[in-house]
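The residues making up each chain are set out below.
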Amino acid sequence: MLINNKELATRIRLGFMLAIFVYLVLIVLAIILHWSEKHYFELGLTAVLLLGIVWFLLCGSNYIYFNTEGSKIVLRYMPLQPFMAGHHAIEIPKSKFVQYKIKKSKLGLRTSIVLYQKTDKGISKYPPVSINSLKKSEKRDILDTLDKLSTR
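Residues numbered from 1 in each chain as written. Predicted model: local features only at pLDDT ≥ 70, side-chain atom pairs only at ≥ 80, totals over all residues. Heavy atoms only, no water.

Participant: Outline helix α3 (residues 136-149), supporting the account with residue identities and numerical values.
Facilitator: Between its first and last C-alpha, α3 extends 20 Å over 14 residues, near the 20 Å set by a 1.5 Å rise per residue. For α3, the full list of buried residues reads Glu138, Ile142, Thr145 and Leu146. Seen along its axis, α3 keeps its buried residues to an arc of 95°; they face one direction. More than 90 degrees from the buried face of α3, the exposed residues found are Lys136 and Lys148. (Helix = DSSP H or I, 4+ residues; strand = E, 2+ residues; numbered from the N terminus. Expected span 1.5 Å × (residues − 1). Buried < 20%, exposed > 50% of the residue type's maximum accessible area, 1.4 Å probe, protein only. Arc of directions from axis to C-beta.)

Pasting the structure below:
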């Protein structure tokens, strides 16, 4: 199975940058054209933007590439939040994959998946990967595939 949400991840990133740009343009126009004398418009717009940014950061969207077609389970992900750089990858041979767990956090806004692998020293746990940016059908497909591959 192959899941790649590159198109959605690109739209999320562009939407975030567009929202910042529109905010800046509206603030500049409001200040230059004196839309409100007590600056209630600017304060309200800033509050809406800040709430949107906090919500976006709490959701923790990722670009996700998931592939089980070869001999390994490959999960590549990249955070879409600003200032969170890095490309991360988890590759687990199918024979060493043990289980997965779903983790809800951040006031229930973030759903993450945690993968476990059998090693010589025991069971190793990978860091949680947010799967919020996937469609429900894609999440279900990943979980069904991991259920089939799970040894526990």
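Participant: Lay out the sheet that holds strand β3 (residues 72-79) with the relevant residues and their values.
Facilitator: Read from one edge of the open sheet, 4 strands run β1-β2-β3-β4, paired in antiparallel fashion. Each of the sheet's edge strands pairs with one partner strand only, and the pair in question is β1 (2-4) and β4 (88-93). The sheet shows a mean angle of 10° between the axes of neighbouring strands, direction not considered. Here β3 pairs with β4 via 6 bridges, running antiparallel. Among the inter-strand pairings, Lys72 is bridged to a residue of β4, identified as Pro93. Along the sheet face, α3 touches β1, β2 (62-67) and β3 and points at about 145° away from the line of β1. (Pairing = 2+ DSSP bridges. Axes fitted to C-alpha atoms, helices over the stretch in contact; angles between N-to-C directions. Contact = heavy atoms within 4.5 Å.)

Participant: Describe in detail the packing of aromatic side chains, supporting the description with residues and values.
Facilitator: Evaluation of the coordinates by the stated rule reveals 2 aromatic pairs. With a centroid separation of 4.9 Å and an interplanar angle of 20°, the aromatic rings of Phe16 and Phe56 are classed as stacked. Here Phe16, found in helix α1 (residues 6-33), pairs with Phe56, found in helix α2 (residues 40-59); they are 40 residues apart in sequence, far enough to count as distant. You can call Phe56 buried: its relative accessible area is 10%. Judged by centre distance (5.5 Å) and plane angle (75°), the rings of Trp35 and Phe41 are edge-to-face. (Phe/Tyr/Trp six-rings, centres within 6.5 Å; stacked < 30°, edge-to-face > 60°.)

Participant: Kindly report on the nonpolar core, identifying the contributing residues and their values.
Facilitator: With 17 residues, the main nonpolar core has Leu75, Ile113, Leu115 and Leu146 as its most contacted residues. Contributions of two or more residues to this core are made by β2, β3, β4, β5 (97-105), β6 (110-119) and α3. Excluding residues within four positions of it along the chain, Leu115 makes contact with Leu75, Ile90, Ile92, Phe97, Gln99, Tyr100, Ser124, Lys125, Tyr126 and Leu146. In terms of nonpolar packing, the next biggest core, distinct from the first, is built from 6 residues, Tyr63, Tyr65, Val74 and Leu80 among them. (Core = buried A, V, L, I, M, F, W, Y, C linked by side-chain atoms within 4.5 Å.)

Purely geometric numbers; function is a separate question.
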